[in-house]
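# Structural characterization, general
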Amino acid sequence: MEKESLTVLLTGVGGGGHGEQILKALKMAKTNYIIIGADMSHLSMGLLEVDYPYIVPPANHPDYIDIILKICKKHNVKALFHGSEPELRVMSENRGKIEQAGIFLPINPAAVLDVCMDKSKTMKFLADNGFAYPASVTVRATEDLEKIDFLPAVLKPSVGAGGSANIMLAQTQEELEMFGGYLLSIYSEFIVQEYVGTPETEFTVGVLISMDGELINSIAVKRSILSALSNRIKVSNQSGMDKFGNVLAISNGVSQGEIGRFPEVTKPCEKIAMAMGCRGSVNVQCRFVDGKVYVFEINPRFSGTTSLRAMVGYNEPDTLIRRHLLGEDIAPHFEYKTGFIMRGLKEAFINGLPMNNVEEL
């Protein structure tokens, strides 16, 4: 007998972001899902992969939440997943309205989002709680650049910068001042972080916590960031410091590499997530240097590696649904496979107008 189906709505299914990753993970699950997909663009590859595709307005539209709830009511949706950070923000602001409609919304508490979605606040949390982090300075004026006594340095917006957008790497004082001036021309503030470790020491770590605060599991990808697909910046090391290796590199949002438990890295990240009060999925970006985990970013959401994790039996969205909606017992630190996962590109040809078969509200 076929298992009873459970209907979920996933937004932001296009664009190669974490919405697409959640979609892939749900399609790998043994649970029988009916997947409603939403995106604001007809040119969305994810809309080709769902059972019922919808075009919705952007997250800042005044009717966005009402439209999402209308779709949920039409299809008797049981769980709602965001596929972009703007949608995460508006769903958090309206979580009461969504949950009152009887919809499972696996997102972090508002206080966690407030800290993690501002890199300056993230670094303060790490400092206040005794966790390792790169030396960091928040810059709001040109004079603040004078406080920076470390190079090489990574410059990036305090808020936003998904996929490493507008990130800079300065090796000299001249580069620091030039890049800093540029970022101040487009942002009210940005953060400068000490460059630590080498490209071979970078990890992206997933920690999964139940919605009632119990640690479920963790996983890490030791990132291979020197390939063109996985780095935003790759330059020759001109700092004169051999400890950084021959090449300095900054990763982008496309992770690949060795996947496994890596307890020397995941255990400290578990402690960070629990101390922060996280719920659901949280993703920690770090480098492991001289026996310490140096955290430079925490994403309070599903990761760009969600599908990679699902491939080895660590399926975060499905696990949360099975625990909280289907009432299954999930063993803490359940087993999953280890190995290497590499990525490429996927193409699709559409003959005619893209998505002329989207559903009507």
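So, how was this worked out
Residues numbered from 1 in each chain as written. Predicted model: local features only at pLDDT ≥ 70, side-chain atom pairs only at ≥ 80, totals over all residues. Heavy atoms only, no water. Pairing = 2+ DSSP bridges. Helix = DSSP H or I, 4+ residues; strand = E, 2+ residues; numbered from the N terminus. Axes fitted to C-alpha atoms, helices over the stretch in contact; angles between N-to-C directions. Contact = heavy atoms within 4.5 Å. Salt bridge = Lys/Arg side-chain N within 4 Å of Asp/Glu carboxyl O. Buried < 20%, exposed > 50% of the residue type's maximum accessible area, 1.4 Å probe, protein only. Patch = residues over 30% accessible without salt bridge, like charges linked within 9 Å, V, L, I, M, F, W, Y side chains within 5 Å. Areas by Shrake-Rupley, 256 points an atom, 1.4 Å probe, with all protein chains shown as cover. Lys, Arg positive; Asp, Glu negative; His and termini not counted. Charge placed at Lys NZ, Arg CZ, Asp CG, Glu CD. Polar contact = N/O pair within 3.5 Å; in protein donor to acceptor, adjacent residues only side chain to side chain. Phe/Tyr/Trp six-rings, centres within 6.5 Å; stacked < 30°, edge-to-face > 60°.

Here we take up the sheet that holds strand β6 (residues 153–157). In spatial order, the strands read β5-β8-β6-β7; together these four strands make up an open sheet with antiparallel pairing. The open sheet has two edge strands with one neighbour each: β5 (136–139) and β7 (168–170). Shown here is a sheet whose adjacent strand axes are inclined to one another by a mean of 25 degrees, direction ignored. Summarising the sheet, β5 and strand β8 (residues 190–194) pair through four bridges and their orientation is antiparallel. By the bridge assignment, threonine 138 is partnered in β8 with isoleucine 191. Sitting on the sheet, helix α6 (residues 119–128) touches β5, β6 and β8, and the angle it makes with β8 is about 45 degrees. Each of β5, β6, β7 and β8 is contacted by helix α7 (residues 173–186), which is oriented at about 155 degrees to β7, the strand it contacts most.

On to the sheet that holds strand β4 (residues 79–81), then. The pairing of strands in a sheet comes from backbone hydrogen bonds and takes either a parallel or an antiparallel form. A sheet is described by the order of its strands in space; here four strands give the open sequence β3-β2-β1-β4, paired in parallel fashion. Where the open sheet ends on each side, the last strands, each with one partner, are β3 (52–55) and β4. Within this sheet the neighbouring strands show an average axis-to-axis angle of 20 degrees, counted without direction. The sheet contact formed by strand β1 (residues 6–11) and β4 spans three bridges and is parallel. Residue pairing for β4: leucine 10 is matched across the bridge by phenylalanine 81. Packing against the sheet, helix α2 (residues 64–75) makes contact with β1, β2 (33–39), β3 and β4, and its axis sits at approximately 160 degrees to β1.

Turning our attention to the pattern of salt bridges. Overall, the coordinates contain 15 salt bridges when judged by the stated rule. Glutamate 297 is the salt-bridge partner of lysine 156, the closest N and O atoms lying 3.5 Å from each other. Taken as a pair, lysine 156 in strand β6 and glutamate 297 in strand β15 (residues 292–299) lie far apart in primary sequence, 141 residues in all. Residue classification places lysine 156 among the buried residues on the basis of a relative accessible area of 4%. For glutamate 297, a relative accessible area of 18% corresponds to the buried category. For aspartate 212, the salt bridge goes to arginine 323, with nearest N and O atoms at 3.4 Å.

Once that is clear, we can look at a negative patch on the surface. A surface patch of negative charge is lined by Glu143, Glu146, Glu174 and Glu177. Within the secondary structure, glutamate 146 is located in the loop between β5 and β6.

Along the chain, threonine 11 falls in strand β1. A polar contact is formed between the side chain of threonine 11 and the side chain of glutamate 87, at a distance of 3.0 Å. Other than its neighbours up to four places away in sequence, threonine 11 contacts Gly19, Ala38, Tyr64, Ile68, Leu80, Phe81, His82, Gly83, Glu87 and Met91.

Within β15, six of the eight residues are buried, which leaves the element mostly enclosed by the surrounding structure. Sheet topology note: the strand β14 (residues 280–289)/β15 ladder contains seven bridges and is antiparallel. Each residue of the ladder has a partner; that of arginine 287, found in β15, is tyrosine 294. Adjacent in sequence and paired antiparallel, β14 and β15 are bridged by two residues, among which aspartate 290 carries a positive phi angle near 50 degrees.

This part covers unusual backbone geometry. Backbone torsion omega between leucine 151 and proline 152 reads 0 degrees, so that peptide bond is classified as cis. Position of proline 152 among the secondary structure elements: in the loop between β5 and β6. The phi angle at phenylalanine 262 is positive, at roughly 40 degrees, despite the residue not being glycine. For phenylalanine 262, the location among the structural elements is in the loop between β13 (257–260) and α8 (263–276). Given a relative accessible area of 14%, phenylalanine 262 falls into the buried group. Positive phi outside glycine occurs at aspartate 290, with the angle close to 50 degrees. On the basis of relative accessible area, aspartate 290 is assigned to the exposed category, the value being 77%.

Topologically, phenylalanine 150 is positioned in the loop between β5 and β6. Relative accessible area serves as the criterion here: at 10%, phenylalanine 150 is assigned to the buried category. Residues phenylalanine 150 and methionine 274, 124 residues apart in the sequence, show an inter-C-alpha distance of 31 Å.

With that settled, the discussion passes to the environment of asparagine 283. Here asparagine 283 shows up in strand β14. For asparagine 283, a relative accessible area of 2% translates into the label buried. C-alpha of asparagine 283 to C-alpha of arginine 301: the two residues are 18 residues apart in sequence and 6.6 Å apart in space. Setting aside residues up to four positions removed in sequence, asparagine 283 forms contacts with Thr204, Val205, Gly206, Glu297, Ile298, Asn299, Arg301, Ser303 and Arg309.

On to the packing of aromatic side chains, then. Under the definition given, this model contains six aromatic pairs. Between tyrosine 314 and tyrosine 336, the ring centres sit 5.4 Å apart and the planes meet at 85 degrees, which makes this aromatic pair edge-to-face. Taken as a pair, tyrosine 314 in the loop between α9 (306–311) and α10 (316–324) and tyrosine 336 in the loop between α10 and β16 (339–341) lie far apart in primary sequence, 22 residues in all. The pair tyrosine 314 / tyrosine 336 is uniform in exposure class, with both members buried.

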